[in-house]
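# Structural overview
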Amino acid sequence: MARIKDTSVEAVKAAANIVDLVETRTRLRKVGARYTGLCPFHQEKTPSFSVSPDRGTYHCFGCGVGGDAISFVRETENLDFVGAIEWLADRFHVPLEYEESSPEADAQRKRKERLYALLDQAAAFYERTLWTDSGKAVQEYLASRGLKEEVCREFRLGLSPSGSTLTKKAREKGFGQEELAAAGLVSRRGGDYFQRRLMFPLTDARGRVIAFQARKLHEDDPLRGKYVNSPENELFHKSNVLYGLHLARPAMTKEDRAIVVEGNTDVIALRQAGLQPVVASMGTALTQQQLKELGRLTQRVFLCFDSDAAGEEATLRGMEAAIGQGFDVRIVALPKGKDPADDPESFEGQLGNAEAYAVHRVRLELARARDKQHGYLRVQDVLNGIPESPERHDAWRLANDELGLTVQLRAAGSAATGAASSPRLIDAGERLERDALAGCVAHPELVRLLGEMSPEHFDSELNRRVRAHLVEEAGEADADLVPLLAELDARADADAIDEATGKELLLRLRERKLRRQLADADLEQTKELQEALAQIREAVEALA
């Protein structure tokens, strides 16, 4: 992949508005020169999230996250550094320039850019077709499903006309036959691949159209399936895609849950009803790649697949895969023949009745068992593989009640959950170092005094690196220093560290080092160190 030029990276950083970015995830209120609001990264009732528009940074005093616009996009959009820069460039209309690369790599990048542009223009073409007079019948169909125009437009639903209209228009705009084939938009005979179908654009993590799923509307449709996807290609792999993920991500992060259903219309109907962290699994059980995408946002997954045999099997395979990756899995059971889209307004209540994985799995094993003895052995095997928990105990009691005997289990060891630990408590020494550095971040005139101190005045290696960054005026901070610098800026504001306080904190660090030296000093050194301590005490008193 070609490297983005440093000048372009700097242009993106300069153009990115941190307040605009954060306000897409949480409401902010201006307080003095800063903004505060509820943290978009964890649930809280009292605002602890602070944003500095002057420095372009954010920090949460509750969960400890912090950084700049790039780190915010990386966390909320689950992108790498290059992806975040490209995302921000799109958002703030900054043209990017790339370093010299091989002709092959450059050609590949440009080819993909053209395919993305072609697919986006195809989605726009299908959209326009749907909302014309020729799309009246499909508009009525959507309305009969309870889907309003606003939510249909949000998901960019469209209609593919008959003939080769799309192909002709794409060629008029300069796209070639090979590009149309690579994007999955043209048939072997050269006509439009999709004709007279309801079109659902499929997107990647950045919301770029990568393919389509098309629903059959007419019995004489040459494509056999009720739902047909674009042919897989260099941009589109069905097992990687979760329908609606680009819209559901903010809610998944904020609400710490993901709801996985089977159908695209279920996703759309539930979002229209106000339930946002919902995606569809493209009609199959969850794959490892799909779970990887969800795992970047939450560890709590609700599965709601059809109650028929295929849906039951998809549920089983999906929850097994999710449990294997450390998810907290719950199963939402609906009556036979019912979909979430049939009654989206009541679906939130259904989530409250969702069964934990252990309970649902035991219920499933009992229903599938040939006889009581077989059921006993299957349940015993399942429960022995589950860590001790209230859910395991509930499942054990269910099995005992259903079987009429007590299932004997091995003692279950605790499993690593992978859950994030609470923010580390900062001891007094560490806090002194952080507060002193916070004063220097807030008041650059103090950096001269910081430069007169050695790295040995700081115990923490990370704090030593921050000192070096400030003293040496190193320009852009390393990526791992950005969150700490954001925290220091927010801490200085929250604790009202003015210049005088900053000077005192630096003096306290000098005092700490002198006292440590005194512990191992000989007689001659002791006198010298005590004199230095007296001078520091006088300087502190003069600040009072």
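Each remark here, short or long, concerns the structure printed above.
As a starting point, this report considers the structure included with it. (Residues numbered from 1 in each chain as written. Predicted model: local features only at pLDDT ≥ 70, side-chain atom pairs only at ≥ 80, totals over all residues. Heavy atoms only, no water.)

### So, the overall build of the chain
Short version of the rule: Think of it this way: any DSSP run of H or I at least four residues long counts as a helix, any run of E at least two long counts as a strand, and we number them from the N terminus. For the exposure calls, accessible area comes from a 1.4 Å probe over protein chains only, and a residue counts as buried if that area is under 20% of its type's maximum, exposed if over 50%, partly exposed in between. We call two residues contacting when some pair of their heavy atoms lies within 4.5 Å. Computed with a 1.4 Å probe, the accessible areas rest on the Shrake-Rupley method; for each residue, only the protein chains presented here act as cover. Note that His is not counted, nor are the chain ends; the positive residues are Lys and Arg, and the negative ones are Asp and Glu. Just so you know, the charge point we use is NZ for Lys, CZ for Arg, CG for Asp and CD for Glu.
Helix and strand counts for the chain stand at 23 helices and 14 strands. Dimensions of the chain, computed from C-alpha atoms along their principal axes, come out at roughly 100 × 75 × 45 Å. Out of the 544 residues belonging to the chain, those deemed buried represent 48%. Pairs at least 24 residues apart make up 65% of the contacts formed inside the chain by residues separated by at least 6 positions. Accessible surface, the chain as shown: approximately 27,500 Å² in total, 48% of it carbon and sulfur. In the chain, the 75 positive side-chain charges and the 89 negative ones have mean positions that sit 5 Å from each other.

### Topic: the packing of helix α3 (residues 69-77) against helix α4 (residues 81-91)
Selection rule: Comment: axis = line fitted to C-alpha atoms, over the contacting stretch for helices; angle = value between 0 and 180 degrees taken between N-to-C directions. When describing relative orientation, an angle under 35 degrees is termed roughly parallel and one over 145 degrees roughly antiparallel, while 65 to 115 degrees is termed roughly perpendicular and anything else oblique. As a working rule, the residues Ala, Val, Leu, Ile, Met, Phe, Trp, Tyr, Cys and Pro are called nonpolar, Asp, Glu, Lys and Arg charged, and the rest polar, with Gly in that last group.
Here α3 crosses α4 at 105 degrees, and the two axes come no closer than 9 Å. For the element pair α3 / α4, the angle class is roughly perpendicular. Along the contact surface, α3 presents Ala69, Ile70, Val73, Arg74 and Glu77, while α4 presents Phe81, Ala84, Ile85, Trp87 and Leu88. Of the residues contributing to the contact of α3 with α4, the split by class is eight nonpolar, no polar and two charged.

### Section: a negative patch on the surface
Definition in use: Two joining distances apply to patches: 9 Å for like charges and 5 Å for nonpolar side chains (Val, Leu, Ile, Met, Phe, Trp, Tyr), and every residue must have over 30% relative accessible area and no salt bridge. Counted as salt bridges are all cases of a side-chain nitrogen of Lys or Arg within 4 Å of a carboxyl oxygen of Asp or Glu.
Together, Asp522, Glu524, Glu528 and Glu531 give the surface a local cluster of negative charge. Overall, glutamate 524 belongs to the exposed group, its relative accessible area being 68%.

### So, the environment of phenylalanine 41
Along the chain, the position of phenylalanine 41 falls in the loop between β2 (34-37) and β3 (49-52). The spacing of phenylalanine 41 and alanine 182 is 141 residues in sequence and 38 Å in space, taken between C-alpha atoms. Sequence-distant contacts of phenylalanine 41, that is, excluding residues within four places in its chain, are made with Phe49, Tyr58, Cys63, Val65, Phe72, Glu75, Thr76 and Thr253.

### Looking at the sheet that holds β2
To keep things clear, this is the line we draw: Pairing between strands is defined by DSSP: at least two bridges between the two strands are required.
The five strands lie next to each other as β1-β2-β3-β4-β5, forming an open sheet whose pairing is antiparallel. Each of the sheet's edge strands pairs with one partner strand only, and the pair in question is β1 (28-31) and β5 (66-68). When the angles between neighbouring strand axes are averaged without regard to direction, this sheet yields 20 degrees. Across three bridges, the pairing between strand β4 (residues 57-60) and β5 is antiparallel. Bridged to threonine 57 within β5 is aspartate 68. Of the strands in this sheet, β3, β4 and β5 touch α3, which is tilted by about 115 degrees from β5.

### Quick word on the pairing of strand β10 (residues 258-261)
This is how the line gets drawn: The definition of a right-handed crossover adopted here requires that, viewed with the strands pointing away, the path from the first strand over the helix to the second runs clockwise.
In β10, alternate side chains face the same way, and those of Ala258 and Val260 on one face and Ile259 and Val261 on the other are all buried. Pairing analysis gives three bridges linking β10 to strand β11 (residues 278-280), with the strands arranged parallel. Looking at β11, one finds that isoleucine 259 is bridged to valine 278. Read from β10 through helix α11 (residues 264-272) to β11, the crossover connection turns out right-handed.

### Points about the nonpolar core
Rule in force here: Residues belong to one nonpolar core when they are buried, are Ala, Val, Leu, Ile, Met, Phe, Trp, Tyr or Cys, and are joined through side-chain atoms within 4.5 Å.
One finds Tyr126, Leu157, Leu185, Phe212, Tyr243 and Phe347 to be the most contacted residues of the largest nonpolar core, which totals 61 residues. Among the elements that line this core, the one with the most residues is helix α5 (residues 103-130), at nine residues. Leaving out residues up to four positions away in the same chain, leucine 185 has contacts with Leu118, Leu119, Ala122, Tyr126, Leu166, Thr167, Leu180, Gly191, Asp192, Tyr193 and Phe212. Formed by 39 residues, the second largest nonpolar core is a distinct cluster that contains Ala285, Leu286, Ala358 and Leu364.

Remember that the coordinates give geometry; whether it matters functionally is a separate question.
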